[in-house]
Structure formats: C-alpha cells, structure tokens
Amino acid sequence: MKLEGLHHVTMVTADAQRTVDFYAGVLGLRLVKTTVNFDQPDAYHLYFGDERGAPGSILTWFEFAGARRGRAGAGMVHRIQLAVPTVEALERWGHRLQDRGIPVQGGPAGLVTEDPDGLEIELLVHDIGEQLTATHPDIPAADAICGIVGVRAFSADPEATALVLTDLLGFGREPVEGESREWTAFGPRQHVHWTLDPAPSAPGVPGAGTVHHIAWASRDEDHEAWRTRMVDAGATVTPVIDRDYFDAIYFREPGGVLFEIATVGPGFATDEDAAHLGEELRLPTQHEPRRAELAGVLTPIVHPRTGQPVSFDAP
Ligand code: ZN
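K.L.:
Please explain the sheet that holds strand β13 (residues 211-218) as it appears in this structure.
P.N.:
Backbone-to-backbone hydrogen bonds join strands into a sheet, with any given pair of strands oriented parallel or antiparallel. Strand order in the open sheet formed by eight strands is β2-β3-β4-β1-β13-β16-β15-β14, with mixed pairing between adjacent strands. Each edge of the open sheet carries a strand with a single partner, namely β2 (30-37) and β14 (241-242). As defined by bridge partners, strand β3 (residues 40-49) adjoins strand β4 (residues 58-63) across four bridges and the pair is classed as antiparallel. From the neighbouring strand, Phe48 faces β4, where its bridge partner is Leu59. The strands touched by helix α1 (residues 16-26) within the sheet are β1 (5-13), β2, β3 and β4, with β3 carrying the most contacts at an inclination of about 10 degrees.

K.L.:
What is the right way to look at the pattern of salt bridges in this model?
P.N.:
Close approach of charged atoms lets side chains of opposite charge pair. One pass over the full model with this rule turns up 18 salt bridges. Ionic pairing is found between Glu4 and Arg189, a salt bridge with its closest N-O pair at 2.9 Å. With Glu4 in the segment before β1 and Arg189 in the loop between β11 (181-186) and β12 (191-197), this residue pair connects regions lying 185 residues apart in the sequence. Under the relative-accessibility criterion, Glu4 is labelled buried at 6%. The salt bridge involving Arg18 is made with Asp117; its shortest N-O contact spans 2.8 Å. One end of the pair, Arg18, is in helix α1; the other, Asp117, is in the loop between β7 (110-114) and β8 (120-125), with 99 residues separating them in the sequence. Relative accessible area serves as the criterion here: at 34%, Arg18 is assigned to the partly exposed category.

K.L.:
For this particular structure, what's the right way to read the nonpolar core?
P.N.:
Where a protein is soluble and globular, its nonpolar side chains tend to be buried together. Formed by 65 residues in total, the largest nonpolar core has its most connected members in Ile80, Leu169, Trp194, Ile214 and Trp216. Among the elements that line this core, the one with the most residues is α1, at six residues. In this view, Ile214 contacts Leu6, His8, Val9, Val77, Val151, Trp194, Val257, Leu258, Phe259 and Glu260; residues no more than four positions away in its chain are not counted. In this structure, Val32, Phe246, Ala262 and Leu277 belong to the second largest nonpolar core, which totals 12 residues.

K.L.:
Can you walk me through the coordination of the zinc ion in this structure?
P.N.:
Ideal coordination angles are 109.5 degrees for a metal with four donors arranged tetrahedrally and 90 or 180 degrees for a metal with six donors arranged octahedrally. Around the zinc ion, the donor atoms from the protein are His8 (NE2), His213 (NE2) and Glu260 (OE), and they sit 2.0 Å away. Ordering the donors of the zinc ion by residue number gives the pattern H-x204-H-x46-E. Pair noted here: His8 is in strand β1 and Glu260 is in strand β16 (residues 258-266), with a separation of 252 residues, a long-range link. Just as His8 is buried, Glu260 falls in that class too.

Rules used throughout
All chains use their own residue numbering, which begins from 1 and follows the written sequence. Restriction of local features to residues with pLDDT of at least 70 applies here, the model being predicted, together with a cutoff of 80 or more for giving and counting side-chain atom pairs; totals for whole chains, interfaces and linings are based on all residues. Excluding hydrogens and water, the side-chain values take into account all heavy atoms of the structure. Only strands joined by at least two bridges in the DSSP assignment are considered to pair. By definition, any uninterrupted DSSP run of H or I lasting at least four residues is a helix, any uninterrupted run of E lasting at least two residues is a strand, and each is numbered from the N terminus. Any pair of residues with heavy atoms lying within 4.5 Å of one another is described as a contacting pair. All axes here are fitted lines through C-alpha atoms, helices being fitted over the stretch that makes contact, and every angle between N-to-C directions spans 0 to 180 degrees. The term salt bridge refers to a side-chain nitrogen of Lys or Arg lying within 4 Å of a carboxyl oxygen of Asp or Glu. Burial status follows relative accessibility: with a 1.4 Å probe on protein chains alone, a residue under 20% of its type maximum counts as buried, one over 50% as exposed, and anything between as partly exposed. To qualify as a nonpolar core, a set must consist of buried Ala, Val, Leu, Ile, Met, Phe, Trp, Tyr and Cys residues joined through side-chain atoms within 4.5 Å. Only nitrogen, oxygen and sulfur atoms within 2.8 Å of the metal, or 3.2 Å for Na, K and Ca, are treated as donors, and water is left out, so sites may look incomplete.

Written out as structure tokens, the structure reads:
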C-alpha cells in the first residue's frame with residue numbers, strides 16, 4: 001500500500017480576499033471550492049489547485065479574519081514548495097513577483113518568497129510526476145505552477161517523526177548535506193518530499209501565515225486500511241470523516257505536525273459544475289440550514305475568474 005502523494009496543505013489566513021488575490025491572481029492557481037470550515041462554519045475554507053483541484057495541487061486556507069500572524073516553531077511546517085517546469089519559467093516567476101513589489105530570494109534552482117500572511121513559499125524547478133496546472137490569462141502554460149513538491153518542517157522529535165514517515169507512511173530517506181534531513185515518498189502518480197530543518201529555539205505560535213495540517217493522498221480503496229495501520233501502530237486517529245469532496249482521517253505525528261490522510265475521490269465537481277468551481281458558496285448538508293446566518297458573517301470575496309462576488313445564494 002502506497003500513498004498517492006500529497007493531497008493538500010491547509011493554512012490559516014487573516015484575509016480571504018488577499019489570499020485569493022495572491023494565490024489565484026499572482027501565482028495562477030484556480031479557486032476550486034468556496035466553502036466553510038466544516039467544524040467551525042463561520043470561517044471560510046477556500047481550496048486552490050489545478051484546473052480540477054487534483055490531489056497534489058491543492059492548497060487550502062481557513063480564514064480567521066484579522067487573525068494575528070503566527071510563527072512556525074517545533075512541530076510546525078514552515079515552508080511550502082511548489083513546482084515550476086523549467087529554469088526559464090523560474091526566472092520569469094522571479095520577474096513576475098518582483099514586478100509586483102513582492103520580494104524574492106534565491107538562485108537558479110529555486111526562489112523563496114512570502115505570501116501576504118508571511119508564509120514562506122518556495123518555487124522549485126521540479127517534476128513531481130503529474131503535471132497539475134491551472135490556466136491563467138497572464139501566465140503562459142509553459143510557466144504554470146505544476147503541483148506541490150513538498151514541505152519543510154520543524155519537528156519536536158525528529159527521530160520519532162522519521163519512524164512515522166518511513167515505517168508507517170512508506171517514505172524513503174534521501175541523503176542531504178548539512179543538518180537538514182529529507183524523505184521522499186514515491187506514489188503511483190506523484191512523488192512528494194518532506195524535509196526536516198533544525199527547529200528554532202523560539203516556540204511556534206499558531207496564527208495567520210502558519211500551516212494547520214498536511215494531508216496525504218490515499219487511493220479510495222486503501223483508506224480504511226491506512227486507518228487500521230495507524231491504529232495498530234498506537235496512533236490516536238479520528239474515525240473516517242466525510243468532508244464531502246474526500247474522506248479524511250487525522251492524527252498528530254509525534255513531532256507535532258497534524259497529519260491527515262484523504263481519499264482521492266470524489267473530488268470537487270460533486271456539488272457544482274466543473275466549469276464553475278468555486279464561484280458560489282457551497283455548504284455541507286449539515287450547515288445548509290445556517291446559510292443565511294453564515295452569509296451575514298463571511299466576508300464577501302470576488303471570484304478571480306468571473307470578477308464577480310462569490311454568490312452566497314442557495315444552489
Ligand atoms: Zn485537510
């Protein structure tokens with residue numbers, strides 16, 4: 001049994017529209033679902049990804065409007081790595097960001113920037129296996145971001161984290177010079193990298209610009225077996241939770257990062273047309289009776305493709 005790769009990475013933002021403007025407007029991802037945090041429905045849950053929101057392309061945000069900036073510490077992911085196809089594309093990304101006044105650092109193999117909440121984003125020339133791209137009127141197809149390479153994290157217990165990655169999740173260890181350590185999982189469709197950096201001494205602070213959890217992708221038919229494997233290993237694992245667009249289980253790895261394993265199916269075109277993903281607020285069935293109340297609380301956002309406000313009306 002192998003993981004397919006990454007499913008999604010979920011962050012916290014203080015400002016939904018600013019996040020839309022950066023990830024869809026500047027980085028060219030597609031806003032594929034406008035919904036709420038199923039466990040706290042007065043907060044948005046926005047999903048961005050490739051054209052269909054394929055696992056391995058998906059970055060998501062909970063919006064806690066006006067939340068204070070957090071800071072990554074031990075037990076937290078501190079950088080998201082996104083793939084670009086060529087060195088030439090990377091160079092053009094450097095110009096694209098700088099032209100918008102967004103500072104970038106780095107060299108020919110990768111560049112690092114920050115999103116508006118202060119989260120580190122690294123663009124790397126990398127082939128993850130599948131090409132998971134979205135279309136954007138200003139970004140040539142040859143330059144488009146083509147999936148999530150992986151993440152860099154700080155562990156509160158690197159040895160224990162390593163055992164979960166290798167013995168339970170099937171990652172292989174990669175030799176790296178210096179103090180960082182890297183693991184790679186090769187799935188049938190993608191491979192994904194997990195890098196541990198030495199944790200800073202200052203404790204982490206949850207908040208805007210921090211990563212909430214990492215979701216690995218499982219084949220639908222393997223999902224229950226993944227849960228059994230984690231339970232048998234002594235992990236405290238949630239029951240299978242229906243997230244409408246995938247099924248999910250959650251557990252915290254011993255180094256402190258919240259892990260999820262999510263199914264590939266059914267995907268985002270289950271409750272709206274694939275041509276109009278994210279253009280209207282979608283609520284899970286259990287929160288649909290609260291639509292009017294939630295519409296009064298959620299900040300209106302403009303959909304980047306239509307240029308129109310996301311509709312809060314019932315479908
Ligand atoms: Zn998740």
